[in-house]
Amino acid sequence: MTHAPQIKIPATYMRGGTSKGVFFRLQDLPEPCQTPGEARDKLLLRVIGSPDPYQKQIDGMGGATSSTSKTVILAEPTRPDHDVDYLFGQVSIDRPFVDWSGNCGNLTAAVGAFAINSGFVAKDRIPENGICTVRIWQANIKKTIVARVPITNGEVQETGDFELDGVTFPAAEVQVEFMDPADGEGAMFPTGNLVDDLEVPGVGTLDATMINAGIPTIFVNAEDIGYKGTELQDDINSDPKALAMFETIRAHGAAKMGLIQNIKEAANRQHTPKVAFVAKPSDYVSSSGKQIGEGDVDVLVRALSMGKLHHAMMGTAAVAIATAAAIPGTLVNEAAGGGDRTSVTFGHPSGTLQVGAEASLVNNQWTATKAIMSRSARVLMEGWVKVPGDSV
């Protein structure tokens with residue numbers, strides 16, 4: 001029996017924030033994969049190593065976590081005054097699908113550098129030394145993101161002394177601005193309320209703030225579901241009952257937000273919405289052994305991604321946290337002490353993160369103008385990724 005040989009596709013493996021993924025230029029993909037559809041999804045699944053019933057992604061580039069089962073496709077900009085189109089695909093680990101419903105805020109930090117290195121940014125806009133401003137059109141959510149990438153001697157500066165909790169080694173700082181991060185097609189609070197009663201079978205009726213900023217996110221109070229907000233990954237991920245409870249909360253929240261028509265649809269929309277729980281500050285020890293003091297943070301937040309507690313914090317969820325914290329009356333704002341604020345420092349399993357956000361009330365509707373955070377990014381490997389020829 002004859003088997004198709006492997007083919008190779010130009011690709012770059014990059015870390016962005018606390019995530020990493022395989023980056024492609026659209027024009028480098030096999031022709032059938034240059035348009036959305038089954039061929040593209042099939043290819044990306046094979047690149048990452050999914051679906052994998054062992055949930056290890058041994059036969060692919062994925063790392064078997066929500067933070068490492070990611071793909072990015074960059075293309076020429078379809079909007080004026082932008083440098084590049086950025087499309088993000090969250091690859092399911094154990095199921096044969098790619099979720100295109102949201103953005104990855106962490107990998108956004110790497111998009112700017114990849115766009116510069118790949119020729120999407122005009123050479124006359126790249127300083128010899130300084131900061132290159134890359135205007136990114138996020139094609140999944142149809143929003144503008146601005147990445148400010150450091151340049152040294154005409155090239156992207158990747159090394160530096162900026163430390164990011166959840167990333168082992170320091171690197172150069174990349175500032176990322178999420179412009180108008182709320183859903184442009186609907187209200188930032190889809191139900192019209194800052195806090196809702198969310199009925200969850202088997203759990204009860206929970207207070208919930210459901211916001212669409214950065215990424216659709218459902219916030220509940222930690223104490224209402226039996227937690228303190230100081231939990232680390234193993235406290236949640238080793239408990240099947242807890243994971244099932246969070247998925248039930250997520251599914252019913254998604255339905256109340258109007259993201260799905262019935263609860264069963266949530267299984268095919270793993271990337272969005274996110275579910276998170278918040279608590280007032282208290283002392284805890286992070287996953288790296290770092291002591292986090294009560295006075296070091298404004299609020300504690302733990303968030304789940306793709307059915308598991310995230311080891312740090314998703315960048316898009318950080319936008320949701322900062323935006324909700326800026327709006328008096330939300331669960332996040334109240335846990336952070338209430339009042340008006342333009343930035344928040346929150347504690348997550350790996351440490352702390354500060355994010356700025358601006359929100360205002362316009363015609364009795366809350367709107368967000370932008371959210372700002374600092375991340376870092378670097379190239380891990382570049383060249384070609386190989387897949388069996390029958391993957392295309």
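Quick caveat, the model's predicted, so the values are computed rather than measured.

> Could you give me a rundown of the side chain of H348, with the residues and numbers involved?
Its place among the elements puts H348 in strand 18 (residues 343–348). Those residues in contact with H348 that lie beyond four places of it in its chain are D165, Y284, V301, R302, A312, M313 and L353.

> With reference to specific residues and values, describe the nonpolar core.
Residues L74, Y86, I116, F219, V301, M313 and F346 are the most contacted members of the largest nonpolar core, which totals 69 residues. Every residue in contact with F219, bar those within four places of it in the chain, is listed here: D207, A208, T209, I211, A276, V278, V301, A320, I321, A324, L331 and V332. Y227, L243, M245 and V275 belong to the second largest nonpolar core, which has 26 residues in total.

> How would you summarise the packing of aromatic side chains if you had to cite specific residues and measurements?
Per the stated rule, a full pass over the model turns up four aromatic pairs. Ring centres 5.5 Å apart and planes at 20° place the aromatic pair F246 and F277 in the stacked group. Of this pair, F246 sits in helix 4 (residues 240–256) while F277 sits in strand 13 (residues 274–279), placing them 31 residues apart in sequence. By relative accessible area, which is 0% here, F277 ends up buried. Members of the aromatic cluster, joined through ring pairs, are Y227, F246 and F277. The ring centre of Y284 lies 4.7 Å from the NZ or CZ of R302, which sits over that ring.

> Describe the pattern of salt bridges, and please don't skip the residues or the numbers.
On inspection of all chains with the given rule, the structure shows nine salt bridges. A salt bridge links D165 to K290, with the nearest nitrogen and oxygen atoms 3.2 Å apart. Note that D165 is positioned in the loop between strand 8 (155–156) and strand 9 (174–179) and K290 in the loop between strand 14 (284–285) and strand 15 (291–292), a separation of 125 residues in sequence. The exposure class of D165 is buried, given its relative accessible area of 18%. The salt bridge partner of R341 is D298, with a shortest N-O separation of 3.6 Å.

> Lay out the environment of C33 with the relevant residues and their values.
Along the chain, C33 falls in the loop between strand 2 (19–25) and helix 1 (38–48). For C33, a relative accessible area of 0% gives the class buried. Residues C33 and Q175, spaced 142 residues apart in sequence, show a C-alpha to C-alpha distance of 32 Å.

> Break down the side chain of T12 for me, with residues and values.
Here T12 shows up in strand 1 (residues 6–16). Those residues in contact with T12 that lie beyond four places of it in its chain are G21, V22, F23, F114, V379, M381 and E382.

> Got a sec to walk through the pairing of strand 6 (residues 130–138)? Specific residues and values, please.
Across three bridges, the pairing between strand 4 (residues 84–91) and strand 6 is parallel. The partner of D85 across the bridge, within strand 6, is W137. With nine bridges joining them, strand 6 and strand 7 (residues 143–152) adopt antiparallel strand pairing. Bridge pairing in strand 7 links Q138 to K143. The hairpin formed by strand 6 and strand 7 contains four residues between the paired strands, and K142 there has a positive phi angle of roughly 55°.

> Give a detailed account of the pairing of strand 4, specifying residues and quantitative values.
Of all eight residues making up strand 4, eight are buried, and the element is well covered by its neighbours. In this structure, strand 3 (residues 70–75) lies alongside strand 4, joined through six bridges in antiparallel fashion. If you follow A75 over to strand 4, its bridge partner there is D85. In terms of strand pairing, strand 4 meets strand 5 (residues 98–99) through two bridges, oriented antiparallel. Within the sheet, the bridge partner assigned to Q90 lies in strand 5 and is D99. Count of turn residues in the strand 4/strand 5 antiparallel hairpin: six residues.

The rules behind the values
The numbering scheme is per chain: residues are counted from 1 as the chain's sequence reads. Thresholds applied to this predicted model are a pLDDT of at least 70 for local features of residues and 80 or more for the giving and counting of side-chain atom pairs; totals over whole chains, interfaces and linings are not thresholded and use all residues. Side-chain numbers here rest on the full set of heavy atoms in the structure, without hydrogens or water. Segments assigned H or I by DSSP are reported as helices when at least four residues long, segments assigned E as strands when at least two residues long, and all are numbered from the N terminus. We call two residues contacting when some pair of their heavy atoms lies within 4.5 Å. Grouping buried Ala, Val, Leu, Ile, Met, Phe, Trp, Tyr and Cys residues that are joined through side-chain atoms within 4.5 Å yields what is termed a nonpolar core. A simple rule labels every residue: compare its accessible area, found with a 1.4 Å probe on the protein chains alone, to the largest value its type can have, and call it buried under 20%, exposed over 50%, or partly exposed in between. Here the aromatic set is Phe, Tyr and Trp, taking the six-membered ring for Trp, and pairing holds for ring centres within 6.5 Å; pairs whose planes are under 30 degrees apart are stacked, those over 60 apart are edge-to-face, and all others are tilted. Put simply, a charge is over a ring when the Lys NZ or the Arg CZ is close to the ring centre, within 6 Å, and near the line of the ring normal, within 35 degrees. Basic side-chain nitrogens of Lys or Arg form a salt bridge, by our definition, when they fall within 4 Å of a carboxyl oxygen of Asp or Glu. By the convention used here, strands pair only if DSSP detects at least 2 bridges between them.

Note that every value here comes from positions in space, so none of it alone points to a role or purpose.
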